[in-house]
Amino acid sequence: MNPRVVVVSRRSELDELLGRHGTRGAAAYFLKQRGRDLVEVEARHQALQRALTKVGSAIPVDWRRGRVVREDLSRFLFGPEDVVVAVGQDGLVANVAKYLDGQPVIGVNPEPDRNPGVLVRHAAGTLQSLLRDGPRTEDRAMVSATLDDGETLIGLNEVYVGHATHQSARYSLRTPEGGTERQSSSGIVISTGTGATGWCASIVGDRWAAPDLPAPVDPALAWFVREAWPSPGTGTELTMGLVSGSGVIEVTGESERLVAFADGLEDDHLTVGWGQRLTIGVATRRLRLVVG
């Protein structure tokens with residue numbers, strides 16, 4: 001059976017505006033009130049459509065095809081023989097990664113003048129040769145968070161644990177070295193090497209003596225507590241470190257409702273109740289990212 005190429009994208013900003021406001025005129029008025037121009041939004045929409053058209057024409061005619069938008073990823077069934085083509089920003093690769101299990105991912109950048117291209121490394125025009133010649137892949141480490149009832153969450157960039165509104169969260173933290181501390185903070189970010197260029201990078205910039213961040217392929221994680229609050233009942237000694245190999249950090253909820261979500265997808269989260277334990281470590285699953 002020939003492979004299936006599954007093309008993943010987000011709805012463009014123009015599509016979202018038309019869905020909300022109904023007409024181009026209403027969308028243009030909405031943007032104008034915010035100092036923006038519909039011409040820019042339409043240009044970005046056209047860039048995405050051109051990339052999607054090129055991707056579609058590059059797929060061999062005897063291969064099967066699939067198409068899914070980001071908001072439907074949780075309801076889409078990927079097959080083991082699939083080749084996934086993510087057309088959009090770098091974050092789209094992270095969004096799709098958690099739903100895969102070994103399928104190669106080709107990131108296509110429709111706007112190289114706007115997107116850094118850390119994960120979407122390829123131009124749409126190169127897809128045909130990548131599919132024909134067999135791409136070179138790189139296995140990226142991922143992070144997993146598992147509740148004591150077995151429910152699990154997977155992320156490519158990072159997992160956030162804390163209050164749903166990012167206000168003070170109370171919990172007990174246990175580090176891989178065995179240290180424990182009750183804390184009140186605005187949450188914990190546990191990042192892979194891939195995520196080290198994202199949210200984690202902004203945290204590290206404000207930390208003195210922060211640990212060296214792992215490389216994207218390293219089976220290791222970096223973790224940081226955000227804004228730990230000192231009080232008679234909570235400490236601030238354990239605020240950053242590394243997790244490697246089979247090591248884990250454990251977070252036990254001391255609030256009625258904490259959440260854990262991966263890669264910024266807040267709607268797809270685990271709920272950590274009072275006394276529930278969440279274990280975070282390097283995932284056994286890895287992302288096969290096409291790099292050349």
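Please read all numbers here as calculations on a predicted model, not as lab measurements.

A. View of the pattern of salt bridges. Scanning the model with the defined rule gives 12 salt bridges in all. Of the charged contacts in the structure, one is a salt bridge between R36 and E13, with a shortest N-O distance of 2.6 Å. Placement of the pair is R36 in the loop between α2 (24–32) and α3 (38–58) and E13 in helix α1 (residues 13–21), with a sequence separation of 23 residues. Ionic pairing is found between K98 and D268, a salt bridge with its closest N-O pair at 2.9 Å. Of the two residues, K98 is situated in the loop between α4 (90–97) and β4 (104–108) and D268 in the loop between β15 (258–262) and β16 (269–272); the sequence distance between them amounts to 170 residues. A relative accessible area of 28% places D268 in the partly exposed class. Within this structure, E13, R36 and E40 form a network of salt bridges that share partners.

B. Fine view of the packing of α2 against α3. Where α2 contacts α3, the two axes come as close as 9 Å, and the packing angle between them is 120°. Classified by the angle between their axes, α2 and α3 sit oblique to one another. Contacts between α2 and α3 involve R24, A28 and L31 from the former and L38, V41 and E42 from the latter. Its residues assigned to classes, the contact of α2 with α3 shows four nonpolar, no polar and two charged.

C. Region of interest: the nonpolar core. Counting residues in hydrophobic clusters, the biggest one holds 25 residues, and the most contacted among them are V161, Y171, L173, I190, L278 and I280. Setting aside its immediate chain neighbours within four residues, I190 contacts V143, N157, E158, V159, V161, L221, A222, W223, I249 and I280. In terms of nonpolar packing, the next biggest core, distinct from the first, is built from 23 residues, V68, V105, L156 and A283 among them.

D. Examining the environment of W274 more closely. Along the chain, W274 falls in the loop between β16 and β17 (277–282). Taking the C-alpha atoms as reference points, W274 and L258, 16 residues apart in sequence, are found 8.4 Å from one another.

How each quantity is defined
Residues numbered from 1 in each chain as written. Predicted model: local features only at pLDDT ≥ 70, side-chain atom pairs only at ≥ 80, totals over all residues. Heavy atoms only, no water. Salt bridge = Lys/Arg side-chain N within 4 Å of Asp/Glu carboxyl O. Helix = DSSP H or I, 4+ residues; strand = E, 2+ residues; numbered from the N terminus. Buried < 20%, exposed > 50% of the residue type's maximum accessible area, 1.4 Å probe, protein only. Axes fitted to C-alpha atoms, helices over the stretch in contact; angles between N-to-C directions. Parallel < 35°, antiparallel > 145°, perpendicular 65-115°, else oblique. Contact = heavy atoms within 4.5 Å. Nonpolar A, V, L, I, M, F, W, Y, C, P; charged D, E, K, R; others polar. Core = buried A, V, L, I, M, F, W, Y, C linked by side-chain atoms within 4.5 Å.

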